[in-house]
Amino acid sequence: MADKEATVYILDLGSSMADCHNGRTESDLDWSMRYVWDKTSTTVAANRKTWNVGVVGVKTDETSNPMEEEKGYDNISILQELGPMNLNGLRKLQGRIKPSDTDLGDSISATVVAIDMIETLTKKLKYNRKIILVTNGEGPIDPDDFDEIASRIKSSGIQLTVLGVDFDDPEFGFKEEDKSSQKRKNEELLKDLVEKCDGQFGTIAEAISELDIPRLKPTKPYKTYDGPLTLGNPEEHQDAMSISVERYFKIHKATIPPASRVVIKNEGSETLEDDEMQGVEPTGSFAAVKNARTYKINDPEAPGGKRDVEYESLAKGYEYGRTAVHISESEYNITKIETKRCFTILGFIHQEKYEPFLNMGETGMTVAQKFNDAAALKLSSLIHSLHELESYALARLVTKDGKDPALVLLAPHIEVDLECLYDVPLPFAEDVRSYQFPPLDKVITVSGNTIREDHRLLPSNELTEAMDDYVDAMDISSWETDDNGDRTMEYAAVEDVYCPPLHRINQVVRHRAIYPDDPMPPVPAILLKYSQPPEDLLAKAKRRLEDLIDVADVKKVPPKAKARREKGNKPQPISGLDVDALLNQPENKRKKIDPENAIPSFKQMVEYADEDPEIEDAAKQMGTIIRSLITDSFGDSKYDRAVENLSVLRETMVKWEMPELYNSFMRDFKKRLLSGELGGDRRDMWWRIRRDKLGLIDNVLSEPSKVTPEEAAQFYKR
């Protein structure tokens, strides 16, 4: 179950918060609200009903709180009751956050109101209770009941955080000059209150500066296996090993949040008011989206030549050559291997004999079963044995009955407070890709002789030394500076490298939720920090790089000029035969492209064409072949061939400066593809065309084209 939270933000809305200070161009309130909006939007994005948010305004024009009849609680208003927050509530709250016309109102009294809100909601239940006070420190503060309030905060388990606008903070390195006596006094009072209740006190500038630092989502342990770890069969052999263990994820890929499909409402459009968008909170701007899928088969007797069929009448079939092999539902279960949940050690391997490239995926960790001292002792013995023998264990893992088995490598890990087995999945024979590449340290001649030096394909000793020096100069293992400014820490440690796409999407979603009409913010520098080597390291290694370039005799290659190759400038074969004359003979000249060998046939037909109409004919034939591949494709089985043919057609039309042939074909092809004329729903093929950028040829790529880059980009949109 997710942790329960109750957080109340106390916002200073006094008239002085509308002023700008210390060279800022936005008001103190707008600047401070950057922090508050970021935190509240994060809560909204989490979509947890157990995370409760409340907002109290102090120094407001009106008074609206349960204690308004008592003295000292004037100009304090509850802007949002403590409870779950959604996007609609966030938008309503935005309309209520604005500076008032007064500076009267006690922040300490507002804190008491926040304490009462938290105690009313949480009672004695287990909650993370927080009060965050954002103020500029102007206005009167009554310190008479500090001890009682601090005691109440501590007894309720509330963490009080005071963030002041331009408050002095020596650790952050900020001190406001020309501070008013009233503000200086209030800073001391608030700091005294925070110290009495063991809270946090700081300047809002530090909190805002840390907003760009990605916040890692807390995760709870997910148990993937709970049962015995065996060596041998305990059911048949009494001396077999059996240890009660639990397995959890250690490394698990963080998923990038997907976008839900919604429709922007238009005036007069009909929408399904009673239906809710799946996983999306309904708003006034969006309409519900419902997916519907139909299945059709060819039927000459039906209108249009196709007939709808029910999903229940479909059967499973596996592609077998150019046809499908049907397997009934009753027989389908027989094809699956029956497995039972198990975690069994098959054998052991010495660490030196294991190749690290065999690691296949996410890492798990196996620990002894909780509250089982006997299991802990047994597992500890196994871990220490593997560690002392410098060995790994090979195990078969089936996490649930009926699940596919996996081979994992178990590696011992020992810390002061933790002993466990880390595991990584291993490949099966079909997963390994074996490729032969020529060696880098030697050259084997045709006669079988081995050459290890003084060859144009082998580096000289001088080049090897220059490369070694450059690699050493670019070493980042201890390039990060510590608190004393010394380079003793690892640069780009795993805990400091964040996933740019994940946090960038979270950033822009939060920003758009808060400021729907503002442009997107720039990418935070911390997400781009490790996209390039550190500049100071590059400067340090520059001399080594120059030496390496000089020794390797690296020269800049001029760009290849793009021009239509004339027929008279074709390269001559070594044999001296006149290939053009042979192929231009009527009996040898190709007039039709072979669908089974389309690319070579197409290139030959275009290369030896005498007139433009012959090239046009070749392009039309190639287009027909591409369409037939899509139409005859069983699923996406022929999509790769179609994409390859399409790519060659595009490149050829660019080369021969005839882009309009390709563009006219693509316009017609897109229309047929998306309308279902090419064998039904082929939107996956259109996605591949967009992915590989095989759209229209614009006038930047080919000067004769009449398509602008903007029109070419618009063509990809459906």
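Conventions adopted
Residues numbered from 1 in each chain as written. Predicted model: local features only at pLDDT ≥ 70, side-chain atom pairs only at ≥ 80, totals over all residues. Heavy atoms only, no water. Pairing = 2+ DSSP bridges. Helix = DSSP H or I, 4+ residues; strand = E, 2+ residues; numbered from the N terminus. Core = buried A, V, L, I, M, F, W, Y, C linked by side-chain atoms within 4.5 Å. Buried < 20%, exposed > 50% of the residue type's maximum accessible area, 1.4 Å probe, protein only. Contact = heavy atoms within 4.5 Å. Expected span 1.5 Å × (residues − 1). Axes fitted to C-alpha atoms, helices over the stretch in contact; angles between N-to-C directions.

Colleague: Which residues make up the pairing of strand β8 (residues 241-249), and what are the values?
Modeller: One ladder, built from eight bridges, connects strand β7 (residues 223-231) with β8; its direction is antiparallel. Paired with Tyr 225 across the bridge in β8 is Arg 247. Direction of pairing for β8 relative to strand β16 (residues 364-368): antiparallel, over a ladder of five bridges. Looking across to β16, one finds that Val 245 is bridged to Ala 368.

Colleague: Describe the nonpolar core, naming the residues involved and giving the relevant values.
Modeller: In globular proteins that are soluble, nonpolar side chains generally tend to be buried together. Formed by 40 residues in total, the largest nonpolar core has its most connected members in Phe 602, Leu 649, Met 653, Met 666, Phe 669 and Ile 689. Setting aside anything within four residues of it in sequence, one finds Met 666 in contact with Leu 646, Trp 686, Ile 689, Leu 694, Leu 696 and Phe 715. Counting 35 residues, the second-largest nonpolar core is a separate cluster that includes Ala 6, Val 58, Tyr 127 and Leu 190.

Colleague: Please give an account of helix α5 (residues 181-196) that cites residues and values.
Modeller: Residue pairs three or four apart in sequence face the same way in an α-helix, which turns once every 3.6 residues. The terminal C-alpha atoms of α5 lie 23 Å apart, and with 16 residues this matches the ideal 22 Å at 1.5 Å per residue to within 8%. Buried residues along α5 sit in contact with α3 (107-122), β4 (128-135), α4 (146-155), β5 (158-164) and β6 (200-203). Positive backbone phi, approximately 55°, marks Asp 198, located one or two places after α5.

Colleague: If you had to explain the sheet that holds β6 to someone new, which residues and values would you point to?
Modeller: Taken together, six strands build an open sheet; the order of strands is β3-β2-β1-β4-β5-β6 and the sheet is mixed. Each end of this open sheet is capped by a strand with a single partner; those strands are β3 (76-84) and β6. Across the sheet, the mean angle separating the axes of adjacent strands is 15° when strand polarity is ignored. Where strand β1 (residues 5-12) lies against strand β2 (residues 51-58), eight bridges are found, and the strand directions are parallel. What sits directly across from Tyr 9, in β2, is Val 55.

Bear in mind that shape data such as this cannot, by itself, settle questions of function.
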